[in-house]
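Listed below are the residues making up each chain.
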Amino acid sequence: MSAAPPSIPQRAADRDRRAESLASARAAYAYDYGYQSLCFVNELPSSEKFSAQYIAQGAAAGTRLKANRAAYAAAHPLETKLSRARSLSDFDGMFPVLDAPAVAPRWRDDAVFAWQRVAGAVPGVLTGVDRLPDHFPVTEGHFARALGGGDSLAAARAEGRLFLVDYRVFDDIPCGRYPPDDDGGLQKYLPAPLALFCATPSGLMPVAIQTSQRPGERSPVCTPADGARWQLAKLCVQVADANYEGITAHFAETHLVLQAFIMAARRCLAPDHPVLRLLAPHFEFTLAANQYARDTLVVVNGTQDRILAPLLPATHEVLRQTLRAVRYDDLDPTLDAARRRVADRGALPTYPFRDDGEDLWSATRRWVEAYLWLYYLSDADAAGDVELRAMVDEVASPEGGRLPGLVEGARVDTRAGVADLVARVIHRASGHHAAINYNWWDWMGYAPNGPSVAVAPAPGSSAPADEAALLATLPPMGAAWETIEQIFNVKSIAANRLGEYPEGFADPRVEPLRAAYARELAAVEARVESRNARRLVAYECMRPSRVTASINS
Amino acid sequence: MNDPVCIPQLDGSGAARREGIESQLGRYAYTWHRPEGVASSYAFPREEEFTPGLVASYALVKQRLGAQNVKTGASSGLGEVKRAWEEGDARAGLVGAAVRALDSVRVAREAVEASRGTPQVCAAFFDGDHPPLVRRYLDEPALRDEIHAWQRVGGTNPFVIRRAREIPEDFAVTAAHFARAVTDGDSLGAARDEGRLYLGDWTCLDGVVTGENEGERKYLYAPWALYVETRAGKLLPVAIQRGPRRGEPVVTPAEGARWEAAKLAVQCADTQLQGLKFHLGRCHFLMDAFALATMRRLSDRHPVKALLRPSLQFTLAINRSVRDDLMVPGSALDALMAPTFHRSLDIVAAAVRDFDLATALPPADIALRDVGALRAYPWRDDGLDVWGAIRAFVSAYLGLYYIDDAAVAGDPEVAAWAAEMASPWGGRLRVPAPRDRGALADLVAYVMFVAGPQHSVINYGQYDTMAFAPNTPMALYGPVPDEGDDADAAVEGMYAPAESARRQFGFFFEQSQLHENTLGRYAPGAFVDPRVAPLVAAFQRELDALESRFTERNRARLLPFPWILPSAIRASVHS
């Protein structure tokens, strides 16, 4: 880091030098769209590469995985990739060395199923509804069977206590095989279910599931009263959720969203720009992690081709569509909760992702504002910042990030607008990503709870639904292992921590502000801990001490 | 045993048939990534690949082009550069000599870089005779306006012109402009009242960002051009406005070099639509989506597949190459077309997205553009004749298998085929499911028509009309001059650098050389059903008759329109 204090472009001391450094940044961070029309960096600058420390962390995780696998293999010498579990306990045996994911003992509970909508691996899909879609015909009868007397669909609707998850993005999506390169492999299936939940005095509870977007004999509305069929219906939701994690909520909505901001910021903001100085620690290793993902995960026969259900080009299409659909306001957790109609604490009192996320967000927003006010003395300073304007434009530009929605409505002509932009980028890179990344293992490291590979379709109303059908749907052991390895690796790497700026700031005025931020984060930590004591399952991934500053795994 | 070719409702071995389709579904797959959102192939089986013979032919074309470039390069001064480079390479071991060689290369290169692809320079790229349009362009300068207008109706992009009952409000052409352009006593009011005004509209290109090539900025305009059909029946340009905003200057043929510049702006805009919208979008990628749905959803025993297979030969292979070799940064498309790489692909994507079968059928298209009254319109006249022949053949052929409309409505493979063409996980085309024999015949005939005559005109006419960059600039390299500017210098500055003009020549030369199949000429055994042979024979007789008719028409035309002569119509998109 250069020692000179930062400056906005209109106050730059040496404009020629600044222009030169921008020109060389633009050359170093050239766009490459050759991969699936997604925007990557053409050649990873050496300053963006993984550090030795980072690589060591990854290697340590790999060693533990190997030990775990070796211990298992000794007891299961005949197992092949396509071996099927003979009983559910076969999946419990996959953790001879590693700690088993927290969900393992309780995965069949309806309350735990519902909990995953508000504190699971994909906590940001739940949406409040005041009327159900016409193609999801849940009746009072279903509601009564699900929750018993005393409450009703009409009352819940009137009180804003109905919530929906909808995986229509997977409707009719073409699926691949496991393994993809093996004609003798197994066909994968990906349902596109709808599930209705109701907030009750004992917490959020599931009401009904329909395993496809088309009502009828092949995907009837199921309720918790349907026994084994209900278990299978929940599994359909979890399969969709696991794929949603891998494609949409994680890679597209965090990694690739940040990538667009990083590329634009690196290319448009001079190294001396106060915004880039603040953001740089939140960009650490993200480009490297994304290049790695591009070259090993999202490729033919790569991890995503193997352990996600869609045919690879369909996975890519969902990635693109998801990215195009992310809106600037989605990056602000309070606005996101309002859009999804889950902001009302009266109707939905317990929502760890929302509650801890908003605490993190407001601490970060205040810190960003305090920092930026050192450099933007008025709104005129913001309006005159041509570099920041160029950065926003480049995210949207067809020749840049190609994501107009991602900056739609960004107001960088006021100081508050600049603070919003910067805080949103930081929150997406830190708290939001942590909720998706570091909570994954606890819920989806255990195959029966959330397998991304399902090898039987959802049963229609006439097909038998029993424990055997459940086993027939769950992944072959090879896919379960590959999933465990992927998720364990991802959760084991944490290269930095929110609120820590190890390289410090050249401007001495920053330190007291940073210290105040650290104190605020400590207060958030305390609040989260006290909330955790009352929660069905402690929500650890958004505790500030667990949140990474950047997307690095 | 059942008939080997039959509709699924009548197939006694339905299970085997469904199994065959299942296996097709595993061998052909879609992707939608480039251009973004447009369906193309992710996977297809070996039998869809180019034959080794075709690969060899393509290599030969490249070789011929190389030889030709060396030969013609000498006569335009570029050969010296090439030789200097070669000498530089040969002496690379000797530092001093290499430095001297490189220096001579630098001097020679600078001379070439300074030179523009003017008509004179580009004329020298042709080895041997010039194509008719280029010859008349060079030999008869007085005819250039007429040749300009002719390309709206008889060039490689005859799909844009439409009758102007009213002139767009922001196109500020007045009676005075008209009087300057047309001096035979005609008037704007009379021409409009008599329905003799025609509009060329390229304003859809407004706002398209342009790229750079060889370190030079490229320019592109989004003009309107007004044409009149004179009382003598000649189509002539009247006025050009460079963009769709009122207040932009209206230029007429009376403006000398400014007029030449305005025509260049029109021709450049037209070249974008020819290449990106109509060629890549409405031929190549449209046919790719049809090919995938056809190969996946129709059984090999389905009569529609038997009929369409020759029209889809090598289409998946050529389009994979278009997508992976041409639609990449640094390609000829990136270097030569005016828009930035992304904007070029966006135009292709929009062309496919906005496609609507209902308005694309040739008679509907002619009616929509209101061009039935034009006296000379080779594409319309010959095109509708070929459409009629194809449509009649398809209708007779389908009649062998569908005894009534209910048979079409009840064909589950046709339903799945059409559904997949329209599906977001399939072709994403605006194609309704055919519910009766007429609709099915329209759809099938349309595929044959686009893969055949429409693509032949677009593709194989390119060498004759578009290899010559001053006629059809793929990009402009300077702005259109304003009043008071040195217009002659500006026109010179609009021409491509000579090297790029040569690259354009090669680009269109290569594309026009591969001729693998011919409409209506079927390989032995293409149809196993013996009832088809007499229908094919009748189709061929009709095409032969059209050959004579078109040849006759060509004699009377300003320029021949040879690419739609039935003997020149390639059955499939493969080049």
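Rules used throughout
Residues numbered from 1 in each chain as written. Chains lettered and ligands numbered in written order. Predicted model: local features only at pLDDT ≥ 70, side-chain atom pairs only at ≥ 80, totals over all residues. Heavy atoms only, no water. Helix = DSSP H or I, 4+ residues; strand = E, 2+ residues; numbered from the N terminus. Buried < 20%, exposed > 50% of the residue type's maximum accessible area, 1.4 Å probe, protein only. Pairing = 2+ DSSP bridges. Contact = heavy atoms within 4.5 Å. Axes fitted to C-alpha atoms, helices over the stretch in contact; angles between N-to-C directions. Salt bridge = Lys/Arg side-chain N within 4 Å of Asp/Glu carboxyl O. Core = buried A, V, L, I, M, F, W, Y, C linked by side-chain atoms within 4.5 Å.

A. Local environment of unusual backbone geometry. Residue and element names in this part refer to chain A. The peptide bond linking Tyr-178 to Pro-179 adopts the cis configuration, its omega dihedral lying at -15°. Mapped onto the secondary structure, Pro-179 falls in the loop between strand S5 (177–178) and strand S6 (186–187). Unusually for a residue other than glycine, Gln-36 sits at a positive phi of about 60°. Tracing the sequence through the fold places Gln-36 in the loop between strand S1 (31–32) and strand S2 (40–41). The buried category is assigned to Gln-36, whose relative accessible area is 12%.

B. Quick peek at the sheet that holds strand S9 (residues 250–251) of chain B. Residues and elements named next belong to chain B. Here we have 5 strands laid out as an open sheet, ordered S3-S4-S7-S8-S9, and antiparallel in their pairing. Two strands in the sheet have a free side with no partner beyond their single neighbour: strand S3 (162–163) and S9. Bridge count for strand S8 (residues 235–241) against S9 is 2 bridges, and the pairing is antiparallel. For Ile-240, the partnering residue across the bridge sits in S9 and is Val-251. The strands touched by helix H7 (residues 144–154) are strand S7 (224–229) and S8; relative to S8, the strand with the most contacts, the crossing angle is about 95°.

C. View of the pattern of salt bridges. Here the structure, examined in full by the defined rule, presents 90 salt bridges over all chains. As a salt-bridge pair, Asp-171 of chain A and Arg-214 of chain A come within 3.1 Å of each other at their nearest N and O atoms. With Asp-171 of chain A in the loop between strand S4 (162–166) and S5 and Arg-214 of chain A in the loop between strand S8 (203–210) and helix H7 (228–268), the pair connects residues that are 43 residues apart, well separated along the chain. Close ionic contact of Arg-152 of chain B with Asp-270 of chain B constitutes a salt bridge, the shortest N to O distance being 3.1 Å. With Arg-152 of chain B in helix H7 and Asp-270 of chain B in helix H10 (residues 257–297), this pair connects stretches of sequence that are 118 residues apart. Assessed through its relative accessible area of 7%, Asp-270 of chain B is described here as buried. Several salt bridges converge on common partners, so that one network encompasses Asp-356, Asp-359, Arg-527, Arg-531 and Arg-535 of chain A.

D. Molecular detail of the nonpolar core. With 323 residues, the main nonpolar core has Phe-91, Phe-170 and Phe-261 of chain A together with Tyr-402 and Trp-417 of chain B as its most contacted residues. With sequence-adjacent residues up to four places away left out, Tyr-402 of chain B is seen in contact with Ile-7, His-302, Val-304, Ala-407, Val-408, Asp-411, Val-414, Arg-437 and Leu-440 of chain B.

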